[in-house]
Amino acid sequence: MLTEQQIKEAMKKSGVSADIDSLAADDIFTDNGFDSLDLFNLFVELENVTGKEVPDDDVEGLNSISDILKYFNG
């Protein structure tokens, strides 16, 4: 089961430039300084952590930590 802390660690490992520590679970990534490269790198890292591939069509709907938790743990 993926946790919020694991997602934040994946953000740090993937080089996300936004303020990760102050990011709330429902905050929208793009509203908090994430660009398309940040998101790409984040999902590559999450795929490495979970072993689950995220199709490009699914990535578009994953806009917050809450969305990611629901997707991976749902």
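Scroll up to find the structure this text is about.
Here the structure is a predicted model, which means the values were calculated and not measured.

### A word on the side chain of Ser-66
Structurally, Ser-66 is set in helix α4 (residues 65-73). Since its relative accessible area comes to 13%, Ser-66 is described here as buried. A polar side-chain atom of Ser-66 sits 2.6 Å from a polar atom in the side chain of Asp-26. The contacts of Ser-66, once residues within four sequence positions are left out, are Ala-25 and Asp-26.

### What to know about the environment of Asp-19
Its place among the elements puts Asp-19 in the loop between α1 (4-14) and α2 (36-50). Spatially, the C-alpha atom of Asp-19 lies 9.5 Å from that of Phe-34, the residues being 15 residues apart in sequence. Within polar-contact distance, the side chain of Asp-19 engages the side chain of Ser-22 at 2.8 Å.

### Examining the pattern of salt bridges
In total, this model carries two salt bridges according to the counting rule given. Residues Asp-21 and Lys-12 are paired through a salt bridge, measuring 3.3 Å at the closest nitrogen-oxygen approach. For Lys-12, a relative accessible area of 40% corresponds to the partly exposed category.

### Some words on a negative patch on the surface
A contiguous patch of negative charge on the surface is contributed by Glu-53, Asp-56, Asp-57, Asp-58 and Glu-60. A residue is classified by how much of its surface remains accessible, and Glu-53, at 65% relative accessible area, is exposed.

### Looking at a nonpolar patch on the surface
Together, Leu-37, Phe-40 and Val-44 make up a nonpolar patch on the protein surface, roughly 300 Å² of accessible area in all. Exposure remark for Val-44: the relative accessible area of 32% places this residue in the partly exposed category.

Reading the values: the criteria
- The numbering scheme is per chain: residues are counted from 1 as the chain's sequence reads.
- In keeping with the predicted nature of the model, local features appear solely for residues at pLDDT of at least 70, side-chain atom pairs appear and are counted solely at 80 or more, and the whole-chain, interface and lining totals rest on all residues.
- Working from all heavy atoms in the structure, the side-chain values ignore hydrogens and water.
- Under the DSSP-based scheme used, a helix requires at least four consecutive residues in state H or I and a strand at least two consecutive residues in state E, with every element numbered from the N terminus.
- To sort residues, take the accessible area from a 1.4 Å probe on protein chains only and compare it with the maximum for the residue type: under 20% means buried, over 50% means exposed, and anything in between is partly exposed.
- Think of a polar contact as two N or O atoms within 3.5 Å of one another; within protein, one of them needs to be a possible hydrogen donor and the other a possible acceptor, and neighboring residues in sequence only count if both atoms come from side chains.
- Contacts are residue-level and defined by heavy atoms, with any inter-residue pair within 4.5 Å sufficient.
- Any carboxyl oxygen of Asp or Glu that lies within 4 Å of a side-chain nitrogen of Lys or Arg is treated as forming a salt bridge with it.
- Surface patches are drawn from residues lacking salt bridges whose relative accessible area is over 30%; two like charges belong together within 9 Å, two nonpolar side chains (Val, Leu, Ile, Met, Phe, Trp, Tyr) within 5 Å.
- With residues, only the protein chains shown are counted as cover, and all accessible areas are computed by Shrake-Rupley using a 1.4 Å probe.
- Asp and Glu are treated as the negative residues and Lys and Arg as the positive ones, with His and the ends of the chain left uncounted.
- To locate a charge, the coordinates of NZ of Lys, CZ of Arg, CG of Asp or CD of Glu are taken.

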